[in-house]
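# Tertiary structure, described
What follows is the residue order along each chain.
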Amino acid sequence: MATLILPGEWIKNWEKTGKHEFIQLCKDLTEKTANGSEIGDIQAALYELCWNVVQGNLKLDLAASVLGDIMELQDDMPSILADVFSILDLETSALEEKIKRDHYTQLVGACLFFVPEAILKERLDPETLESLGLIKQAHQFNQKIVKIKTKLFYKQQKFNLLREENEGYAKLITELGQDLSGNITSHVILESIKSLIGCFNLDPNRVLDIILEVYESRSDQDEFFLSLIKSYMCEPLTLCHILGFKFKFYQEPNEETPKSLHHIAAALLHHNLIELEDLYVHLMPLDAVIMEEHKRDISEAKQIARKLVMVVLPSDKSEDKEKDKEKEEEKNEKPPDNQKLGLLEALLRIGDWRHAQSIMDQMPSFYASSHKAIALALCQLVHLTVDPIYRSAGLPKGARGRVQHPLKNKRAPRPAETFDDLRRDTFSMLSYLGPHLSNDPILFAKIVRLGKALMKEYQNESKADVRDKLDTLLSCFLSIADQVLLPSLSLMECNACMSEELWGLFKLFPYQHRYRLYGQWKNETYSSHPLLVKVKAQTVERAKYIMKRLTKENVKQSGRQIGKLSHSNPTILFEYMLSQIQWYDNLIGPVVDSLKYLTSLNYDVLAYCIIEALANPEKEKMKHDDTTISSWLQSLASLCGAVFRKYPIELAGLLQYVTNQLKAGKSFDLLILKEVVQKMAGIEITEEMTSEQLEAMTGGEQLKAEGGYFGQIRNTKKSSQRLKDALLDHELALPLCLLLAQQRNGVIFLEGGEKHLKLVGHLYDQCHDTLVQFGGFLASNLSTEDYIKRVPSIDILCNQFHTPHDAAFLLSRPMYAHQILSKYDELKKTEKGNKQQQKVHKYVAACEQVMAPVHEAVMSLHPARVWDDLRPQFYATFWSLTMYDLAVPHAAYEREVNKLRVQIRAIEENPEIPMNKKKKEKERCTALQEKLQEEEKKQLEHVQRVLHRLKLEKDNWLLAKSTKNETITKFLQLCLFPRCIFSAIDAVYCARFVELVHQQKTTNFCTLLCYDRVFSAIIYTVASCTENESHQYGRFLCCMLETVTRWHSDRATYEKECVNYPGFLTIFRATGFDGGNKVDQLDYENFRHVVHKWHYMLTKASVHCLETGDYTHIRNILIVLTKILPCYPKVLNLGQALELRVQKICTEEKDKRPDLYALAMGYSGRLKSQKVHMVPENEFHHKEQPARSVTPANQQNGPGSTGKPVTSMSKMDEGMSEDSDRGKDKSQGITKPVNKGNSAAAKVTTSNGNGAVNSTKAVKERDDKEKSGKEKKEKKEKTAGSTPETKAENRREKQRDERAGKEERAMREGKEKTPKADREKMKAEEKGSKDDKVKAGNGEPIELSRERDAIKESKNKEKGDRSVVAGSLKSPIPRSEAAESDRDHKRRKIDSHSSPSHSSSVKDNSNEPKETTSKYYVTYNSLSRSKSREREMEKNDTDSTQGRTKEKKEEKDRKDRKRDHAVNDREPSQESKRKKDENGTNTFRNSTSPMCDSPLSAEREKSKRSKSSSKEKADSVKPERTSSGGKKESRHDKDKSEKKEKRDSSGGKEEKKHHKSSDKHR
């Protein structure tokens, strides 16, 4: 009781204020009680008042009067007061003070007037009642109470049971079983029942039981019986016990509980007449038994699944059969049915979802709904709830739908009127239904259609608050799809219609949502229910059966079986099929063909399964050797291309997967993109492209499709459109391009660290090929607007997105073409004129308008100094054009048109083809033919416009600010080399562009220099290429060689296409083409020498690469050689040298590296077949054979056989800006003093007789030469540098020279001189002196070729990255000295050193420091002069002691000076170059200057050339013997000594001649 203490002032001043305050307090408390408060406060107030009376603090009469007044406040106040008295009674009876007990009894006695006696008798103790006089004796009162209680609670009243009172119960049954259709109500029947009970003394519980029995038999009269039971029954528990007793009766084995009993129990539960908890305990089986049964079902299902997967042996099969028999015997004794499920079904039938949900919660998930009756009952309930919303939103147009009769039960779930109402009950019902919605396909379709309606509403809604609500509903529908729709589809029997219906909903979801659903379906759903476990196992078994029998022949039958199986369980089927394809790639074709019976949903699931298989983290994407991509990935990629092309599958997921992989820096999956683009768009990337295909690829789109690819992929219009839409809709086109471009370098620098070099190269090629292919696809399929909108400008691509320049131009090139054409069309419309000239001018104007911003944009791509050599216009023109713009492939068009004509003829002649098909095929071929012809005409007009534009632009392409050498360097570095390895078409384009620039007579462009730099510098380029780049580089070299070969093979062609062209000027000034004298042009014979030199350089580079032993070098050079085989080798000895090295590779690599062996064998076979087309060297270029020669045919000047050292090769980045600036400064500083000399500096000859003209001078001219040489050397010494670097080089050079001198002297001492040789020398000297006088009279120096040799030699040694020709541009040295020292120095080297290996020479070359030209020239002049003089003095038997002393003194002086001047550290490379020059294969030399003005002088020239040639030829034998491994000379010592003498004598004459001509020239 709440405590409420009355203030003491109230009791003291009771009569004055206390009474009034107390009454007011009670009134307030009474009002609160009326408003719902507890009565505890009033009880406390009355208790406090009474306690003060008991204590004696307040008079009895005052308190009694107040209590009397209070009784009027509330009706139950006497009862409240009686409770207070009851408490005080207990308290006062325990007190020892009798006065207080007396006060209490007096107070109660005073209150008897307003508190009823009955209430007091209930509440007070019998002793208290006795003292108050309300009862006579307390003892008798107690006894009476005991008797009454016994009678009420313990004495059983005897009623009549059924057999004891048949008549009464018979009348009762009659009353209950009468027709209830009239005015008979439950109230009337209840009165009759009461009468019968009273009359026949019937047992009330038995009467209730009979009422339930009758209700069970008349279960349709729910309303009547429920109201009767409600009126009759007083205790719910009693009803529960009676029902429980009824249920227990059916709990025996083989008993079945009637549905009517379940129905009345459900009805009583629904109307709350009984509680579920009370009834549930009477039902069987127990929950524990149900849980065990569920677990047993799961384990059995898993066991079945295991058996289907396992291979069962025969003995195991017999044991399993026995176990199955035992189980069947056990099942014969049927257990009692599940009463809980029966009750659940009844509850669902009447619509009591609340109680049904409670029962289902007691069971394992989906256990209840796995029973078909319950599932159907629940489905029917869902039908009723969704019917209104389905009719308003989901019902298709024209459909009426089955009418659903609503439940009469008002307490059933309310039908959903809006989508939001579905959240109330429908979604929860579906969740409990789970996969067993499969029992009602109609309801399945309704739910799917409701989902479609919701998605449409969601997509059309723009208000934020409404959209939020729909978001919640959407997530609910996704959950239903995951938990109900897809599992239900798995349990349906091959229902293709349901699959298509479901796709109607799923296609409205983004692919991310769909794939998430498929993932849950595949990986989690099948383990959630025993039935699904079994279904999965059966599907796998069936899939195995089909796949074992799938072949090309039975694709149709197997395809139908696959389609049937895939309607229900596509994820399981496709997982197995993909696993088989990964093992057996020959299944791809039959599988793709067999997929034509799939539904749209199945195709989408297939796309997901493919992506999941590709992303499988457990599978390695590399083979175990870590050098190649795994075959399973290649198989899946091939499948992707074929499947996505043939069937309408959404590509977004796959494309996004590839994009994500690229973002993560993984390149393996680019294989997929490559296959998809190839198959869907018909764009094929292959390195094995034939020349015919390549030619077709330079035409229009139609020609490309017809003749450009191996596989004629027809009808790609729809598939390429689908691919384009997928890329544009998901904004993946540009990101993929940029990621591809960036990933190329990522392959090397990010991925390449741990991977095998071969794999890195393969991945790089794959990435590059995919970029080219993808760029081609976008260019040919995107509209102009789409392309321009998506691709940013070139400077943003390169600077902001860090796209490599070649890739950036690949993306931008189509945009420029589109813009130019659209601008051209605009200009044509504005001014109407049909004249061709007007059209061309408009085209040029359109080009200028479009390309002007591009010219500005490219300025930011390179440093400013680059544009001193190249104009941005030239750079942009080169990168923006394609082969389509330069030439029309008439032959390819003609070839394809002829093919179509043949096809038409074949169709006409084929009698088996039906007429209608014939007609269609002929129409198709004719249409194609017309398209090709129209395309050819269109391209022809376009090419003419482009060529006219180039003709107008060419004079502004190259500036005259720097030398042609610098210009060529920048052109090679920034334009030619990057693009020639980009693709096969670009390789051809680069070669054709060089030819075009030459044909256009472009100012400041030296064609000779360009070709020379290309052919002289292939080692580093080849070594740095990937496999595919090697193919492209080889194709580029082949095209360049084709042009050179064409000029080389016919004088008329050469004179028509090269003579009088600025590209063939041999004076490399910084200024432009000034008309060119005949003397400045390279004549035909000398051009042939140059070509031979190029072939020699190619051979030398090839031999070097083949001998390195490095995998990349060997593979790449073999690829390049295979590509250039039509044009090289043409010279027999070069071909033989190559053949030897290739044979060696075949022998060495047979068991080590099979791929190199295969390449080498393939090349070797083809090389042998080309032998018949090879010619001897003297037929290739004008070279007279010597009268006496011991050199075998297969040893003539072949770098492989003679072992000549490698010349200095220029690197790929030979035009680096620092070198260019340095070279430019030098050229500007040194061209002035020798301007006239420069005009002839490049006139050189390149045959083996290149020095024969000047090879026989009189001995008497030697003194003049010595004097002039000394003066020039002294001048040069003043200018020579003496850095620490050069000093170190000088010391090394000195040591080498000393070593060389000793060896040479030892050799000379062992050789004999022949008188015949001396006589020949004297004759040659006389002829030479006469000839020299004639030359001097004409004012033309004869030693020009020698001078140029020396100039080029020194220049090449100055710059390791410059080509041989580059060195001839800026010579500041007087030519006679340079020529003399160069030739003699070479001979000294040849005599004194065996040929070093190629690899060492290249190595030295790469480490060569770059020094000034003057340093090298001084050193070479002094060194070579000393050696040549020493040799001459000894060979000519001049025993003058004075001369010898002078010679030794000069030699000593020169050696001292050598310490202070620069010497190139690359000894082997120098030596090789000198040897090469002797054979006429060094830099091209022009001999077209009028050296001989008379026939006599010409004859002399010829004889001298032949002699010197024969001597030099003989000279090449010794290095041949010593080159391979430094072996000693063997059986030709005698021959060698003779040749040596000849060479020495001719060398001496040469030197004298040089001295004299040099003096004259000065």
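Now for a look at the structure at hand. In this text the structure is predicted, and so the values were computed from the model without any measurement.

As a further point, take helix α27 (residues 530-549). If you check α27, its first and last C-alpha atoms are 30 Å apart, about what 20 residues at 1.5 Å a residue would give, namely 28 Å. Turning to α27, its buried residues are Pro 530, Leu 532, Val 533, Val 535, Ala 537, Thr 539, Val 540, Ala 543, Ile 546 and Met 547.

With that settled, consider the environment of Phe 419. If you trace the backbone, Phe 419 turns up in the loop between α21 (372-394) and α22 (426-433). Separated by 32 residues in sequence, Phe 419 and Gly 451 have C-alpha atoms that sit 9.6 Å apart. In this structure Phe 419 touches Ile 389, Ala 393, Leu 450, Ala 453, Leu 454, Glu 457 and Leu 473, once residues within four positions along its chain are discounted.

Once that is clear, we can look at the pattern of salt bridges. Counted according to the given criterion, the structure contains 47 salt bridges. Notably, a salt bridge pairs Arg 744 with Asp 806, separated by 2.8 Å at the nearest N-O pair. Here Asp 806 lies in helix α42 (residues 805-830) and Arg 744 lies in helix α38 (residues 733-751), a separation of 62 residues in the sequence. What makes Arg 744 buried here is its relative accessible area of 3%. Asp 806 sits in the buried class, given a relative accessible area of 13%. For Asp 1012, the salt bridge is made with Lys 1093, and the minimal N-O distance between the two is 2.2 Å. Taken together, the positions of Asp 1012 in helix α50 (residues 1007-1015) and Lys 1093 in helix α54 (residues 1084-1107) put the pair 81 residues apart, joining distant regions of the chain. A relative accessible area of 0% means that Asp 1012 is categorised as buried. When salt bridges with common partners are traced through the structure, they connect Arg 992, Glu 995, Glu 1042, Arg 1046 and Glu 1057 into a single cluster.

A few words now on a nonpolar patch on the surface. On the surface, a nonpolar cluster with roughly 540 Å² of combined accessible area is contributed by Ile 148, Leu 152, Phe 153 and Tyr 154. Mapping Phe 153 onto the fold places it in helix α9 (residues 138-154).

Turning next to a positive patch on the surface. Taken together, the side chains of Arg 542, Lys 548, Arg 549 and Lys 564 define a basic patch exposed on the protein surface. Take the positive patch: its biggest share by element is three residues, from α27. Secondary-structure assignment places Arg 549 in helix α27.

Think of an α-helix as turning once every 3.6 residues; residues three or four places apart then point the same way. Compared with the 34 Å implied by 1.5 Å per residue over 24 residues, the 35 Å span of α54 between its first and last C-alpha is a close match. Most of α54 sits out of view: 22 of its 24 residues are buried. Two residues or fewer past α54, Gly 1109 is found with a positive phi of approximately 80°.

Turning next to the nonpolar core. Grouped together as the largest cluster of nonpolar side chains are 318 residues, with contacts concentrated most on Phe 506, Phe 971, Tyr 1033 and Phe 1036. Considering every element that reaches this core, the biggest residue donor is helix α24 (residues 464-491), with 12 residues. Here Tyr 1033 is in contact with Phe 977, Cys 980, Ile 981, Val 1014, Ala 1017, Ile 1018, Thr 1021, Val 1022, Cys 1025 and Val 1120, once residues within four sequence places are set aside. Grouped together as the second largest cluster of nonpolar side chains are 41 residues, Ile 23, Ile 70, Leu 88 and Leu 134 included.

As a further point, take the packing of aromatic side chains. All chains considered together, the criterion is met by 44 aromatic pairs. Pairing Tyr 511 with Tyr 515 gives two aromatic rings, centres 5.6 Å apart and planes at 65°, and the pair type is edge-to-face. Of the two residues, Tyr 511 and Tyr 515 are both situated in helix α26 (residues 511-523); the distance of four residues between them amounts to about one turn of the helix. This pair shows no difference in class: Tyr 511 is buried, exactly as Tyr 515 is. Measuring from centroid to centroid gives 5.9 Å for Phe 874 and Phe 993, while their planes differ by 50°, and the two rings are tilted. With a gap of 119 residues between them, Phe 874 in helix α44 (residues 872-880) and Phe 993 in helix α49 (residues 984-999) connect regions that are remote in the sequence. With relative accessibility at 0%, the residue Phe 993 sits in the buried group. Linked through ring pairs, Phe 809, Trp 867, Phe 874, Tyr 875, Phe 878, Trp 879, Trp 957, Phe 971, Tyr 989, Phe 993 and Phe 1005 together constitute an aromatic cluster. The ring of Tyr 458 has Arg 467 sitting right over it, with the charged end atom 4.3 Å from the ring centre. Across from the ring centre of Tyr 1061, 4.8 Å away, lies the NZ or CZ of Lys 1001, which sits over that ring.

Rules and cut-offs
- Residues numbered from 1 in each chain as written.
- Predicted model: local features only at pLDDT ≥ 70, side-chain atom pairs only at ≥ 80, totals over all residues.
- Heavy atoms only, no water.
- Helix = DSSP H or I, 4+ residues; strand = E, 2+ residues; numbered from the N terminus.
- Expected span 1.5 Å × (residues − 1).
- Buried < 20%, exposed > 50% of the residue type's maximum accessible area, 1.4 Å probe, protein only.
- Contact = heavy atoms within 4.5 Å.
- Salt bridge = Lys/Arg side-chain N within 4 Å of Asp/Glu carboxyl O.
- Patch = residues over 30% accessible without salt bridge, like charges linked within 9 Å, V, L, I, M, F, W, Y side chains within 5 Å.
- Areas by Shrake-Rupley, 256 points an atom, 1.4 Å probe, with all protein chains shown as cover.
- Lys, Arg positive; Asp, Glu negative; His and termini not counted.
- Charge placed at Lys NZ, Arg CZ, Asp CG, Glu CD.
- Core = buried A, V, L, I, M, F, W, Y, C linked by side-chain atoms within 4.5 Å.
- Phe/Tyr/Trp six-rings, centres within 6.5 Å; stacked < 30°, edge-to-face > 60°.
- Lys NZ or Arg CZ within 6 Å of the ring centre and 35° of its normal.

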